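Tertiary structure, described
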Number of protein chains: 4
Amino acid sequence: MIDIALYGAGRIGKIHAGNLASQPGVRLKYIVDVDANAARELASRHNAQAAADAQQPLADASVQAVVIATSTDTHADMILAAAKARKAIFCEKPVDLAVARARACVDAVAAAKVPCLIGFQRRYDPTFAALKKRLDAGEVGDPEMLIITSRDPGAPPIAYIERSGGIFKDMLIHDFDVCRWILGDEAAVVFATGSTLTDPKIQAAGDIDSTAVTIRTKRGRLCQINTSRRAAYGYDQRFEILGSKGLLQAGNHKPTEVVAQTAQAVSQDLPEHFFLERYRQAYAIEMAHFAKMITEGASPKTGIEDGLKALELAEAAATSLKSGKPVEM
Amino acid sequence: MIDIALYGAGRIGKIHAGNLASQPGVRLKYIVDVDANAARELASRHNAQAAADAQQPLADASVQAVVIATSTDTHADMILAAAKARKAIFCEKPVDLAVARARACVDAVAAAKVPCLIGFQRRYDPTFAALKKRLDAGEVGDPEMLIITSRDPGAPPIAYIERSGGIFKDMLIHDFDVCRWILGDEAAVVFATGSTLTDPKIQAAGDIDSTAVTIRTKRGRLCQINTSRRAAYGYDQRFEILGSKGLLQAGNHKPTEVVAQTAQAVSQDLPEHFFLERYRQAYAIEMAHFAKMITEGASPKTGIEDGLKALELAEAAATSLKSGKPVEM
Amino acid sequence: MIDIALYGAGRIGKIHAGNLASQPGVRLKYIVDVDANAARELASRHNAQAAADAQQPLADASVQAVVIATSTDTHADMILAAAKARKAIFCEKPVDLAVARARACVDAVAAAKVPCLIGFQRRYDPTFAALKKRLDAGEVGDPEMLIITSRDPGAPPIAYIERSGGIFKDMLIHDFDVCRWILGDEAAVVFATGSTLTDPKIQAAGDIDSTAVTIRTKRGRLCQINTSRRAAYGYDQRFEILGSKGLLQAGNHKPTEVVAQTAQAVSQDLPEHFFLERYRQAYAIEMAHFAKMITEGASPKTGIEDGLKALELAEAAATSLKSGKPVEM
Amino acid sequence: MIDIALYGAGRIGKIHAGNLASQPGVRLKYIVDVDANAARELASRHNAQAAADAQQPLADASVQAVVIATSTDTHADMILAAAKARKAIFCEKPVDLAVARARACVDAVAAAKVPCLIGFQRRYDPTFAALKKRLDAGEVGDPEMLIITSRDPGAPPIAYIERSGGIFKDMLIHDFDVCRWILGDEAAVVFATGSTLTDPKIQAAGDIDSTAVTIRTKRGRLCQINTSRRAAYGYDQRFEILGSKGLLQAGNHKPTEVVAQTAQAVSQDLPEHFFLERYRQAYAIEMAHFAKMITEGASPKTGIEDGLKALELAEAAATSLKSGKPVEM
């Protein structure tokens, strides 16, 4: 039985705690949070102990892995500390908002030779993973063009946006990872444009809410990403990859398969509301993969280099938006 | 913490054990199975004890509820014994293959005043339950006509069919329950016809593999049920209810939302393969409901009378098939 | 150039006139209608002449074919007269409301050796015809079970219903034809039940508005037909055939392929409203087939025997409904 | 009855001739083509006369309108000549490959005060037009982001590509028109990138086969267009517009509504194969609109200024591709 410490008892921390609980061979020993009550409550639900001090689990030799689900600004410090303590690492995206810091984390993880998984949960989603498997099996030939639609049901509070690092690092970081994963190639050029269309406060906060990004890869493959902070109909998470022999599309998931036909229309359910619902299975599979990494030595499917590369694309997109010009990678 | 005993460590027993494990306020104390190894193995996975003797859990005053997931021929005896011991009861369908025996169980449960839930899991399925809720809310007006499509991916072994009580009691028992539940009315007339089209051995075993059943209710509502033991494309579980103001349809669930477009066709996933996959969520919600019954006193949504009524419809259908005439209820 | 006379300048007559106009090798010479104005108006639109007397076109040797689109009660007399005059015949369904009269028509057509097409336009519909072609090509193996959903958007006026011959001869006659066509087998047993659920005046007129019909064929294939005079969402024309190797479904047609996703639902267009819209292409293809029959000698795809057989099924269904018992054919 | 002359008896000319034939109030008098046989054949089919000399119809005072469906390099000359002769003009897209020439045509048409319709047939497509109507009615609020997917089933011959003016003027000209029409705003910035992925001969011909274009409008609305010369599954013509209150999507049209479910997959028809099938209705509605322009004085829905504006966008895209930089309009 391998002991694990969870940092962060918030929304996503609770998801991870629940998923860790059902993994064979691992045990949630510590839960750490700046909010002691939150830590205690979650700990009691999972027979774990709330740790007052973030160092305590790192100092505990029985703890072999940490799950970092704290706020973004703490990720890099936590990764560096965990690597130093030779713990296996699961860390939520992004590694950091600064590329240089993220690179330092990559180096530290490499030097410590600890396994490290970055929480790009979309790669573990049953629909996305099945599509990727079929693509790799050659069902639609060589990948040529990827269209990603990525829209949130509504913008987060302005206070969140102000510290988010901007829409590219906060929201599109996932899409950049999907782009690299699906196209199987690295970006050569990134062009980003965008607008603030939903709420002028977002502009006042120095950010935008609607973006259109184009990536051309080294082999000439093309990717277009369209995102919005607000889709009135809910969380819209689709992509499609055109290959030389056909097209593979990943559609939204619906809560039920009810169809209503009335005098007005033929209608179906809206997409599952937001990421906690949409990626419920993905989070579970992701954590099972992390458990396998630490119990069986499996390689991370989404390593810390992937975290760095996605961040570099986000940085390039932000630069392109500001300059109005494409950025060569 | 309420202790529960599970009878049956087979395929469905394992599902129930897993679902019981995640219910707050209850604890799986005993697992009983004629196969002692199976009982031991499942018990060890859930920190329960394997009981050698079926009477032991009934005699244990700490046990307040039993889950009966043994073979059909043992259901009635188990219900009678559990009722006598004043345990809350969960029992898989059917209550029994004989209407008289099922009626005796209804009486015993009533006399003992114990809560009893029959495992018509379809009523707990998210799609079916959402449809029912919208129907009850009047979205499509008064229910008029119900079409049920219920097809298995393939026939069970002949040995199973021989002891199954026939297709109406084994397979359509669920559809009869759906009919009563959705139409909100009792059958006045039942007409059933059918054929053996997939395997002559089924006919030799005294059964059929394809049926077409029609029910007219007391208020004149109509129901058609079509079933087959073999749908080459998988488990087909759909129904649609025509109301005075529209139509509600419950469609199949798919494993993923991938769409492939190639030179041949635009294609989607086959339906989830069989009942363990298709009703995975339904089984979990059903068990959560049972837990609520015993911890909070909730009323059973699918009571033992429902088990009896569905059986009576199955019996009538069998009689109709044999006589070639409609049967009045 | 072959001259044709059209009897009936009503709704469906106009459709046929328009379709005849675009067939090569044929010319609409006469239009006959009890309403002289209607005949004149339609004739002028198509450079034809309005005939005051129904006999005139039959007496005109240049006329080699007649299209009968008059009211049902005139069909048999018109067929008999046209057969006697040795004209090729297109006649709308039903041949007649009385089986004996329809049989007399079959005999007269056979004796006169004139080609005769009965207007079961559904067989010419692109979706239905493509399904049949794929079924015949063995794509889903042997046909086993056919489910037909056939619902009108609303009931016709009571005055129409009173003279309609009842729902089975008026509305289900098409479904009985589809049953024979798709299953490729003749009925052995017919069971019909039904109710009046939409308007008590229909019951007062001696008819019903909702029916559930079951047919078992000589080879044991099964068919269920569900029909209603009122589907609040429009004209619902679907069927599906289960075969030994899969399922083929024919879905409704929509006016456009617009999908709207709003805060309420994901919605699509209602089905095309009624038969004139839904079967617009079918009527055109049907008339092209009739033109081919008379210009090139093609065999009728829907002959007068098909008209008789469908009527016999309708008669059997009516008898079953009245008696409450299945009818053997 | 208004006489019309048709220039061009090729593939699209034949479509226009057929559609003109069924318009009330107009008559096809002349058909002109450099291939005299083609002109004669088409003329004989529609009771028109083949004109040997392109000037003859222009000199004929009874001719009030011309339909120009000749090769692209003749469009501008034809428009100038027709404007001079004061004929109403229908001209296929593009007006010309050179922006200056197109502008001269706009000026000539304005000076002559003749009605002029450019054949952007997509605006007349039932699905696209219904979407636009619902958008204008406010169903999804203010338009924010438009995603256009526009893929051909296969590349034309290299000889065609060499004279086509490049993918932006030949293929995306339609998409640029859709962009302006749906977003209701003019482009401020255009960025285009692309690759040759399907056939190196296309690159040798100085063109590309895959493009990703981004447009930001003056009001900050965003548009992404993805196109390919080759979609193995057929002609893919979709777009979706995100508005402040929801999403409207225009999907592909299918030949039939057959769904097949076999052991392999649940599958539907491929999209209608290419533009002649997909836009069959659009061409008919477009020509009816042109007839209405000349018989009733209706305003062109797609005027010559639209032709010019789309061409300017195509020119900008080509410039952007070459320079690797966005182009400001």
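Structure first, text after, so check above.
Note that the structure is a prediction, hence the values are computed from the model and not measured. Sequence positions are assigned chain by chain, starting from 1 and proceeding in written order. Chains carry letters and ligands carry numbers; both start at the beginning, A for chains and 1 for ligands, and go up in the order they are written. For a predicted model such as this one, the threshold for reporting local features is a pLDDT of at least 70, and the threshold for listing and counting side-chain atom pairs is 80 or more; totals across whole chains, interfaces and linings nevertheless cover every residue. The basis for every side-chain value is the complete set of non-hydrogen atoms in the structure, without hydrogens or water.

A word on the sheet that holds strand S2 (residues 26-32) of chain A. All names here are of chain A. One open sheet holds the six strands; their spatial order is S3-S2-S1-S4-S5-S6, and the pairing between them is parallel. One side of each edge strand has no neighbouring strand; the edge strands of this open sheet are strand S3 (49-51) and strand S6 (116-118). The mean inter-strand angle of the sheet, taken between neighbouring strand axes irrespective of direction, is 25°. We call two strands paired when DSSP finds no fewer than two bridges between them. Numbering of helices and strands starts at the N terminus; helices are DSSP runs of H or I of at least 4 residues and strands are runs of E of at least 2. Pairing analysis gives three bridges linking S2 to S3, with the strands arranged parallel. Paired with Val32 across the strands is Ala51, a residue of S3. For this analysis, residues touch if any pair of their heavy atoms sits within 4.5 Å. Here an angle of 0 to 180 degrees is reported between the N-to-C directions of two axes, which are lines fitted to C-alpha atoms, with helices fitted over the stretch in contact. Across the sheet, helix H12 (residues 280-296) lies against strand S1 (2-7), S2, strand S4 (63-68), strand S5 (88-91) and S6, angled at about 165° from S5, the strand it touches most.

It is worth spelling out the interface of chain D and chain A at this point. Taken together, the contact pairs 41 residues of chain D with 41 residues of chain A. Surface buried jointly by chain D and chain A totals about 3000 Å² across both partners, of which 59% is contributed by carbon and sulfur atoms. Throughout this description, the term salt bridge denotes a Lys or Arg side-chain nitrogen within 4 Å of a carboxyl oxygen of Asp or Glu. Scanning the region where chain D abuts chain A turns up six salt bridges. Here A:Arg238 ties to D:Glu240 by a salt bridge, and the two come within 2.9 Å at their closest N and O atoms. Here a polar contact is recorded for every N or O atom pair within 3.5 Å, except that within protein the pair must consist of a potential hydrogen donor and a potential acceptor, and residues adjacent in sequence are included only if both atoms are side-chain atoms. Taken together, chain D and chain A are joined by 17 residue pairs in polar contact (both at pLDDT 80 or more). Broken down by secondary-structure element, the contributors of at least two residues to the side of chain D that touches chain A are strand S7 (143-151), strand S8 (187-195), strand S9 (210-217), strand S10 (222-228), strand S11 (236-243) and strand S12 (246-250) of chain D. Tallied by class, residues from the side of chain D that touches chain A come to 14 nonpolar, 17 polar and ten charged. A quick way to say it: buried area is the sum, across both parts, of accessible area lost when two parts are put together, with a 1.4 Å probe. Three categories are distinguished: nonpolar for Ala, Val, Leu, Ile, Met, Phe, Trp, Tyr, Cys and Pro, charged for Asp, Glu, Lys and Arg, and polar for the others, with Gly belonging to the last.

Turning our eyes to something else, we now look at the relation of the copies chain D and chain A. Two chain copies, one operation linking them: a rotation about an axis together with a shift along it. Least-squares superposition of the copies uses the C-alpha atoms of those residues scoring a pLDDT of at least 70 in each of them. Superposition record for chain D on chain A: RMSD 0.1 Å, screw rotation 180°, translation along axis 0.0 Å. Both chain copies can therefore be described as sitting about a two-fold axis. Nearest to the rotation axis, the C-alpha of D:Lys325 is located 3.1 Å from it, this being the minimum over chain D. By residue overlap, the copies meet face to face through one surface: 100% of the interface positions of chain D are interface positions in chain A.

Moving on to H12(A). Take the residue count of a helix, subtract one, and multiply by 1.5 Å to get its expected span. With 17 residues, H12(A) extends 24 Å from end C-alpha to end C-alpha; this agrees with the ideal 24 Å at 1.5 Å per step. A:Gly297, located one to two residues past H12(A), shows a positive phi value of around 80°.

Residues and elements named next belong to chain B. Here six strands make up an open sheet; going across it, the order is S3-S2-S1-S4-S5-S6 and the pairing parallel. Of all the strands in the sheet, the pair left with one neighbour each is strand S3 (49-51) and strand S6 (116-118). Taking the axes of each pair of neighbouring strands and ignoring which way they run, one obtains an average angle of 25° across the sheet. The pairing of strand S5 (residues 88-91) with S6 spans three bridges and is classified as parallel. Within S6, the residue paired with Cys91 across the bridge is Ile118.

Moving on, we get to helix H5 (residues 99-112) of chain D. Residues and elements named next belong to chain D. For H5, with 14 residues, the first-to-last C-alpha span of 20 Å sits near the 20 Å given by 1.5 Å per residue. Along H5, the positions that sit buried rather than exposed are Val99, Ala102, Cys105, Val106, Val109 and Ala112. One side of H5 holds all its buried residues, which, seen down the axis, span an arc of 155°. Across from the buried face of H5, at angles greater than 90 degrees, the exposed residues are Ala100 and Ala111. Lys113, located one to two residues past H5, shows a positive phi value of around 55°. Per-residue accessibility, obtained with a 1.4 Å probe over protein chains only, is compared with the maximum for each type, and a residue is labelled buried under 20%, exposed over 50%, and partly exposed between these values. Directions drawn from the helix axis to the C-beta atoms are what define this arc.

Here the focus is the state of the cysteines. Residues and elements named next belong to chain A. In plain terms, two cysteine sulfur atoms within 2.5 Å form what is called a disulfide here. What the rule picks out here adds up to zero disulfides over all chains. Cys116 supplies the cysteine sulfur nearest to Cys91, a cysteine that is in no disulfide, at a spacing of 6.8 Å. Look at Cys91 and you get buried, because its relative accessible area is 0%.

Here the focus is the relation of the copies chain C and chain D. Of the transformation superimposing chain C on chain D, the axial component is 0.1 Å and the angular component is 180°, with the fit at an RMSD of 0.0 Å. Counting the interface residues of chain C, we find that 100% of their copies in chain D are interface residues as well, pointing to one common contact surface.

Further remarks concern the interface of chain C and chain D. Taken together, the 25 residues of chain C in the interface contact 25 residues of chain D. A buried area of about 1900 Å², summed over both sides, lies between chain C and chain D, and 48% of it is on carbon and sulfur atoms. Counting across the interface, chain C meets chain D through two salt bridges. One salt bridge in this structure joins C:Arg134 and D:Asp269, with 3.8 Å as the shortest N-O distance. The tally of links from chain C across to chain D stands at ten residue pairs in polar contact (both at pLDDT 80 or more). Secondary-structure elements contributing two or more residues to the side of chain C that touches chain D are helix H6 (126-136), strand S12 (246-250) and strand S13 (258-262) of chain C. Relative to strand S13 (residues 258-262) of chain D, S12(C) runs antiparallel, the two sharing five bridges. What sits directly across from C:Leu247, in S13(D), is D:Gln261.

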